[in-house]
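Listed below, chain by chain, are the residues.
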Amino acid sequence: MAVKGLGQLDQEYDGSNLKIGIIHARWNRVIIDALVEGAIKRMKFLGVKEENIIIESVPGSYELPWGTKRFVDRQKKEGKPLDAVIPIGVLIKGSTMHFEYISDSTTHALMNLQEKVDLPVIFGLLTCLTEEQAFARAGIDEAKSMHNHGEDWGAAAVEMATKFGP
Ligand SMILES: O=c1[nH]c(NC[C@H](O)[C@H](O)[C@H](O)CO)c([N+](=O)[O-])c(=O)[nH]1
């Protein structure tokens, strides 16, 4: 299955046996919803069944590390363990240093979380200086759309879960 334009894929992946979690913040919701949709679209394209994509949310990006840890633990406890998880958040620079502190601390926490949960934790945090940057990276602003980064995160989740699963 030649997948046009997916430069980042190195081989064909079959996600039909994967269970993948998406946990998203609720700040900047219009952008979040586009990113989540993009991740879902790409994972379904790669064979992940809709019923195996589990969605959860937290108030803001700062809650993503803790929320992701507990989300993974809960799925395991319920006998429906995840094969990968995609935390998604959108941070947009304001007039204070809040953006810098949340971006830096959340990024490090998500990176370190992989060891703790022993699962691929895909980096789905958009850290944008302007709303325009965020819209473009969610594929919303057609004029300047880079492409929907959520699709890349969905593809990364399938690849990492397939290649490096237990
Ligand atoms: O996800 C975000 N959370 C934001 N703040 C909330 C933060 O993530 C926590 O939810 C809050 O501080 C409570 O812990 C943001 N800003 O402040 O700008 C933002 O842009 N994006």
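The sections below set out a description of the structure shown in this document. Owing to the predicted nature of the structure, the values given are computational and were not obtained by experimental measurement.

Next up on the list: the packing of helix α1 (residues 29-45) against helix α5 (residues 149-163). At a minimum axis distance of 7 Å, the contact between α1 and α5 shows a crossing angle of 45°. Judged by the inter-axis angle, α1 sits oblique to α5. Taken as a pair, α1 and α5 cross one another with a handedness that is right-handed. Contacts between α1 and α5 involve L35, G38, A39, K41, R42 and M43 on the former and, on the latter, H149, G150, E151, D152, W153, G154, A155 and V158. Classifying every residue of the contact of α1 with α5 gives 6 nonpolar, 4 polar and 4 charged.

With that settled, consider the environment of F123. Positionally, F123 belongs in the loop between α3 (98-117) and β4 (124-128). With residues up to four places along the chain from it excluded, the contact list for F123 reads P87, T107, L110 and W153.

At a minimum axis separation of 9 Å, helix α2 (residues 64-77) and α3 run at an interaxial angle of 20°. Our classification of the angle between α2 and α3 gives roughly parallel. Between α2 and α3 the crossing geometry is right-handed. From α2, L64, P65, T68, K69 and V72 reach across to α3, where they touch T106, A109, L110, L113 and V117. Grouping the amino acids of the contact of α2 with α3 by side-chain chemistry returns 7 nonpolar, 2 polar and 1 charged.

Further remarks concern the sheet that holds β4. As summarised here, the arrangement of the 4 strands in space is β2-β1-β3-β4, forming an open sheet in which the pairing is parallel. The strands lining the two open edges of the sheet, one partner per strand, are β2 (53-58) and β4. Recorded for the sheet is a direction-independent mean angle of 20° between the axes of neighbouring strands. In terms of strand pairing, strand β3 (residues 84-92) meets β4 through 5 bridges, oriented parallel. By the bridge assignment for β4, I92 is matched with C128. Across the sheet, α1 is in contact with β1 (20-25), β2, β3 and β4; its angle to β3 comes to roughly 155°. With respect to the sheet, α2 is in contact with β1, β2, β3 and β4, its orientation differing from that of β1 by roughly 150°.

Conventions we followed
Residues numbered from 1 in each chain as written. Predicted model: local features only at pLDDT ≥ 70, side-chain atom pairs only at ≥ 80, totals over all residues. Heavy atoms only, no water. Axes fitted to C-alpha atoms, helices over the stretch in contact; angles between N-to-C directions. Helix = DSSP H or I, 4+ residues; strand = E, 2+ residues; numbered from the N terminus. Parallel < 35°, antiparallel > 145°, perpendicular 65-115°, else oblique. Left-handed = near helix turned anticlockwise from the far one by under 90°. Contact = heavy atoms within 4.5 Å. Nonpolar A, V, L, I, M, F, W, Y, C, P; charged D, E, K, R; others polar. Pairing = 2+ DSSP bridges.

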